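Each chain, written out:
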Amino acid sequence: MKQIKTDVIIIGAGLAGIYTALNIDSQKRVDIIVKESLIVTNSNLAQGGIAGELDFIQENIDAHIDDTLKAGSFLNNKEAVKVLVTEASENINKLMNFKVDFDRDEYGEILLTKEGGHSTRRILHIGGDSTGKDIMKALKKECFTRENIHIHENMMALELLHRDNSCFGVSCLNNGTETIEFIAQNTILATGGIGNIYGSTTNSAIATSDGIGMAYRANIKLEGLEFIQFHPTAFHNEFSKSRFKFLISEAIRGEGAYLLNSEGERFMKKYSPLLELAPRDTVSQAIYREMYDTWTDHVYLDTRHLGEKYLKNRFPTIYNHLKTENIVMGKDLIPVSPVQHFNIGGIKVDLNGQTSMNSLYANGECASNGVHGANRLASNSLLECIVFGNRIANDINNKKSHKIDFEGHIEQYHSYKYNYKPIKKKLGTTMDEYVGIVRTKEGLLFAKKIVLKMKKNLNKYPNNSKAYYEALNMVQTALIIIDSALNRKESIGCHYRIN
Ligand SMILES: Cc1cc2nc3c(=O)[nH]c(=O)nc-3n(C[C@H](O)[C@H](O)[C@H](O)COP(=O)(O)OP(=O)(O)OC[C@H]3O[C@@H](n4cnc5c(N)ncnc54)[C@H](O)[C@@H]3O)c2cc1C
């Protein structure tokens, strides 16, 4: 089998993968693999911005820590939160050195916005609402100038290569056919989210929980998978059959938009003194309640008092998208509903991104270092990718190189011609219905029964395709989410149980 030997293999080129790569010593060879093309990531979709205190003013640092803990219902790892907030400035400055250009006012001062759960304006953004796309553009450009970094597109990681609780790299499927092994001294999982397990999500198509699936099969510790964040305001198009739902950024509520129910009532006052700027779990659960009480499947975002001209300039991506849906921001009400958005738990890591397996790190949305607790504070996840990516890079930079020999083995399945699409579809409707914003014991047990059947089918009909491995990763992760949700009997953060 073809083998590529390297110092560091990074699985994923979202912000978590790319930023880590850029901070690794240039004498080390770094290979980055991505499942599809470089632009298909959740990082590219990020609109609102990146949270962070640029000046080290103790009061502001403490306020960011406080807001993060409050949003997370104090279930956060406090040490990790402290690291996140205090190392924000160093890493945001590094982004700027990589030519990331945040929006500024006419005096050259960085513009800051606010989102749900933030007590002050501390969110930096680019292009109004294209923060992720613009950060990624600058970092990819920087990557292409580095001779030690090798990027491989259409290279899907299948399984971790490991022995005696040490990782030696990963086996992959190149362009859907050829199998390749990357043998590496250090392996980093940066595979992103799990969104496509659900029937409606804001996530990109690559978010099929591959990192968590691989880690699970290698007996690596996972945590907190019951905590799935639902974004309150995805655009609601009743005719769309697509799993992907376009996000209407929380920053619009940060700039003063209201939520109205189908009867035109501004309802958030019934649920939180913070109104529309309450943390996401509170707002999503409030919308769910309103939809239930009024027999509707959406509510409205009201931007009419903010004016079309201002909104077109401040949120050009969202304005233009809504125009294609025949909605004019600032003039029309925007129909919205909550959908799956972010995976809070994942592969358990320490403060240096180290997993429970030697020489294996995880970063970004697939990892769990405890910063988010039971619910993520808006715009803290891009920050998490860079702060902990930098720490992983430092840890690797401080290690001595060593030689490794490893011969892996990729399971060669009989080539069943099996269509995994129906499994993915049924998984989505099951998770939306029974493992969504509001959960019951009966619903979770019912979902488990259905998903176990899917697992049985997958065991019967494996093959060496991308579709099979994605379905396997999704089904295995769904079962862990359901079991974790069953085990956590109390409601906390975005895990809401009514029995
Ligand atoms: C619509 C939207 C808006 C958001 N807005 C914000 C915001 O304003 N602020 C904020 O802080 N956060 C925001 N988030 C969350 C944030 O964008 C993500 O949590 C973060 O970008 C995740 O980065 P990542 O690098 O972990 O994953 P991603 O950026 O999703 O990258 C994952 C990478 O892994 C690769 N990959 C996956 N599986 C495999 C495999 N098997 N083999 C090889 N490669 C693989 C993919 O190809 C991809 O390159 C938003 C998310 C969404 C979906």
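Below is a summary of the structure that appears in this document.

A short note on the site of the ligand
In the vicinity of the ligand, 42 residues are found, and the nearest of them are G12, G14, G48, G192 and G364. Taken together, the elements giving at least two residues each to the shell around the ligand come down to α1 (15-22), α5 (131-144), β7 (155-163) and α11 (380-397). Looking at which element gives the most residues to the shell around the ligand, the answer is α11, with four residues. Here the shell around the ligand is built from residues that sort into 18 nonpolar, 20 polar and four charged.

A short note on the sheet that holds strand β14 (residues 334-343)
Read across the open sheet, the four strands follow the order β11-β14-β13-β12; overall the sheet is antiparallel. Two strands in the sheet have a free side with no partner beyond their single neighbour: β11 (228-235) and β12 (258-260). For this sheet, the mean inter-axis angle between neighbouring strands, taken without regard to orientation, is 45°. Note that β11 and β14 share six bridges and pair antiparallel. Pairing of F230 across the sheet is with Q340, part of β14.

Comments concerning the pairing of strand β2 (residues 30-33)
Along any regular strand the residues' side chains alternate between the sheet's two faces. The alternating pattern of β2 places V30 and I32 and D31 and I33 on opposite faces, both of which are buried. Inspection of the sheet shows strand β1 (residues 2-11) paired to β2 by four bridges, in the parallel sense. Residue pairing across strands places V8 opposite V30, the latter belonging to β2.

A word on the sheet that holds strand β15 (residues 346-348)
Here we have three strands laid out as an open sheet, ordered β10-β15-β17, and mixed in their pairing. Bordering the open sheet on either side are β10 (222-223) and β17 (367-368), each of which pairs with just one other strand. Contacting β10 and β15, helix α6 (residues 210-217) runs over the sheet at an angle of about 45° to β15.

Topic: helix α3 (residues 78-86)
The complete set of buried residues in α3 reads A80, V81, L84 and V85. Taken around the axis of α3, the buried residues stretch over an arc of 125°, which confines them to a single face. Here the buried face of α3 lies against α2 (58-71), α4 (88-97) and α11.

Cut-offs applied
Residues numbered from 1 in each chain as written. Predicted model: local features only at pLDDT ≥ 70, side-chain atom pairs only at ≥ 80, totals over all residues. Near = placed C-beta within 6 Å. Helix = DSSP H or I, 4+ residues; strand = E, 2+ residues; numbered from the N terminus. Nonpolar A, V, L, I, M, F, W, Y, C, P; charged D, E, K, R; others polar. Pairing = 2+ DSSP bridges. Axes fitted to C-alpha atoms, helices over the stretch in contact; angles between N-to-C directions. Buried ≥ 20, exposed ≤ 12 C-beta atoms within 10 Å, placed from the backbone. Contact = placed C-beta atoms within 7 Å. Arc of directions from axis to C-beta.

By themselves, these are just geometric observations and shouldn't be taken as functional.
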